[in-house]
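Now for the letters of each chain:
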Amino acid sequence: MTTIAFIRHGVTNWNLERRAQGQSDIPLNEEGVLQAKALGSRFEGEQWDVIYSSDLARAHATALEIGEVLDLPVETDKRLRELSFGEIEGTNEAERVERWGKDWKDQDLKIEREEEILQRVKSFMKDIEDHHHGKRIIVVSHGAFLNDLFSYLLSEGYEKCRLDNTSVTVMERDDEAWKLRLHNCSKHLSNTP
């Protein structure tokens, strides 16, 4: 059975300011570093085979904390990057309305299209299934991308939601399909300031 722990990166200043980060390379803030350390501790004593991470700093730094605990290298993969939010990257909702009006979502602002996202998801998951069948894999990525990935793996059985920073979602694949075993769990943060 293949098991994957999917993780959203720790918090950044742009998360707190509700800015669209997309593929802008924003680092973890101080709280995000503490979250990542708490996340790493959560994996103490567990056995995992490989860690993949988006190459963006906030995800990679989160993954490195897990890698340190598990004594595993972190392999970066650009396919795990957050969605490209095009022209809205770096803006919050009020700024978007001010700049493009209330109907900004209906305009072509160069946001990555669903078919492009799905292509990245399918390509990455095919590589996982081809090279890590029966293994235990950790994947550190980004909220919007993970929601799209979960929708793909679980078909109609998944409702998109806001994933918490450093939350863990675990899926297992048997011979038939991917099954959700744990969703959006951030219990490791209960002892962080």
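These figures come from a predicted structure and were not determined experimentally.

Overview of helix H3 (residues 57-70)
Here is step 1 of the chain: Compared with the 20 Å implied by 1.5 Å per residue over 14 residues, the 20 Å span of H3 between its first and last C-alpha is a close match.
Here is step 2 of the chain: Tucked into the core, H3 has its buried residues touching strand E1 (2-8), helix H2 (30-42), strand E2 (50-53), strand E3 (74-76) and strand E4 (136-141).

A word on the side chain of Ser53
Here is step 1 of the chain: Mapped onto the elements of the fold, Ser53 is located in strand E2.
Here is step 2 of the chain: Within polar-contact distance, the side chain of Ser53 engages the backbone nitrogen of His60 at 3.4 Å.

Examining the nonpolar core
Here is step 1 of the chain: Of all hydrophobic cores here, the largest spans 29 residues; its most connected members are Ile4, Phe6, Tyr52, Met125, Val139, Leu149 and Phe150.
Here is step 2 of the chain: Of all elements in the fold, only E1, E2, helix H5 (114-131), E4 and helix H6 (143-154) reach the threshold of two or more residues within this core.
Here is step 3 of the chain: Ranked by residue count, the leading element in this core is H6, at 6 residues.
Here is step 4 of the chain: What Phe6 contacts, discounting residues up to four positions off in sequence, is Met125, Val139, Leu146, Leu149, Phe150, Leu153, Ser167, Val168, Thr169 and Met171.
Here is step 5 of the chain: By size, the runner-up hydrophobic cluster in this structure holds 16 residues, among which are Ala5, Ile7, Leu39 and Ala59.

Focus: the sheet that holds E2
Here is step 1 of the chain: Spatially, 6 strands are ordered E3-E2-E4-E1-E5-E6 in an open sheet, and the strand pairing comes out mixed. Two strands close off the open sheet at either side, each with one partner strand: E3 and strand E6 (178-185). Taken pair by pair, the neighbouring strands of this sheet meet at an average axis angle of 20 degrees, ignoring direction.
Here is step 2 of the chain: By the bridge criterion, 4 bridges tie E2 to E4 in an arrangement that is parallel. Bridge pairing in E4 links Val50 to Ile137.
Here is step 3 of the chain: Sitting on the sheet, H5 touches E1, E2, E4, strand E5 (168-173) and E6, and the angle it makes with E1 is about 140 degrees.
Here is step 4 of the chain: Against the sheet, H6 contacts E1, E4, E5 and E6, and its axis sits at roughly 150 degrees relative to E1.

Here we look at the pairing of E1
Here is step 1 of the chain: Taking burial as the measure, the 7 residues of E1 include 7 buried ones, the bulk of the element.
Here is step 2 of the chain: Burial of the side chains of E1 extends over both faces: Thr2, Ile4, Phe6 and Arg8 are buried on one face and Thr3, Ala5 and Ile7 on the other.
Here is step 3 of the chain: In this sheet, E5 lies alongside E1 in antiparallel orientation, the contact comprising 6 bridges. Looking at E5, one finds that Ile4 is bridged to Met171.
Here is step 4 of the chain: Where E1 lies against E4, 6 bridges are found, and the strand directions are parallel. When the bridges of E4 are listed, Phe6 appears paired with Val139.

Comments concerning the state of the cysteines
Here is step 1 of the chain: For the structure shown, the criterion picks out 0 disulfides.
Here is step 2 of the chain: In this structure Cys161 is a free cysteine whose sulfur lies 13 Å from that of Cys185, the closest cysteine sulfur available.
Here is step 3 of the chain: On the accessibility criterion, Cys161 (29% relative accessible area) is partly exposed.

Focus on the environment of Gln107
Here is step 1 of the chain: Its location among the elements puts Gln107 in the loop between helix H4 (93-100) and H5.
Here is step 2 of the chain: Of note is the side chain of Gln107, whose polar atom sits 2.6 Å from the backbone oxygen of Trp100.

Some remarks on the packing of H2 against H3
Here is step 1 of the chain: Here H2 crosses H3 at 35 degrees, and the two axes come no closer than 8 Å. Handedness of the H2/H3 crossing: right-handed. Where H2 abuts H3, its residues Ala36, Lys37, Leu39, Gly40 and Ser41 lie against Thr62, Glu65, Ile66 and Val69.
Here is step 2 of the chain: Classifying every residue of the contact of H2 with H3 gives 4 nonpolar, 3 polar and 2 charged.

Focus on H6
Here is step 1 of the chain: Spanning 12 residues, H6 covers 16 Å between terminal C-alpha atoms, matching the ideal 16 Å at 1.5 Å per step.
Here is step 2 of the chain: Among the 12 residues of H6, 9 are classified as buried, and the element is accordingly described as predominantly covered.
Here is step 3 of the chain: Among the residues of H6, those classed as buried are Gly143, Phe145, Leu146, Asn147, Asp148, Leu149, Phe150, Leu153 and Leu154.
Here is step 4 of the chain: Of the residues flanking the end of H6, it is Ser155, one or two places downstream, whose phi is positive at about 55 degrees.

Each value, and the rule that gives it
- Every chain is numbered independently, its residues counted from 1 as its sequence is written.
- With pLDDT at 70 or above as the cut-off, local features in this predicted model cover only qualifying residues; side-chain atom pairs require 80 or more to be listed or tallied, and sums for whole chains, interfaces and linings still use all residues.
- Water and hydrogen atoms play no part in the side-chain values, which are based on all heavy atoms of the structure.
- Helix and strand definitions here come from DSSP, where helices need a minimum of 4 consecutive H or I residues and strands a minimum of 2 consecutive E residues; each element is numbered from the N-terminal end.
- Expected helix span is given by 1.5 Å per residue-to-residue step, counting one fewer step than there are residues.
- The criterion used for residue contact is that any of the two residues' heavy atoms lie within 4.5 Å.
- Polar contact is the term for a pair of N or O atoms within 3.5 Å; when the atoms are in protein, one must be able to donate a hydrogen and the other to accept it, and sequence-neighboring residues count only if both atoms are side-chain atoms.
- Think of a nonpolar core as a cluster: buried Ala, Val, Leu, Ile, Met, Phe, Trp, Tyr and Cys residues, connected wherever their side-chain atoms sit within 4.5 Å.
- Remark: exposure states derive from per-residue accessible area (1.4 Å probe, protein chains only) relative to the maximum for the residue type, with buried under 20%, exposed over 50%, and partly exposed in between.
- Strands are labelled as partners when DSSP assigns at least two bridges between them.
- To get an axis, a line is fitted to the C-alpha atoms, and for a helix only the part in contact is used. The angle between two axes follows their N-to-C directions and goes from 0 to 180 degrees.
- Throughout, disulfides are identified as pairs of cysteine sulfur atoms within 2.5 Å of each other.
- Handedness of a helix crossing follows the sense of rotation of the near helix relative to the far helix, less than a right angle counterclockwise being left-handed and clockwise being right-handed.
- Nonpolar residues are Ala, Val, Leu, Ile, Met, Phe, Trp, Tyr, Cys and Pro. Charged residues are Asp, Glu, Lys and Arg, and all others, Gly as well, are polar.

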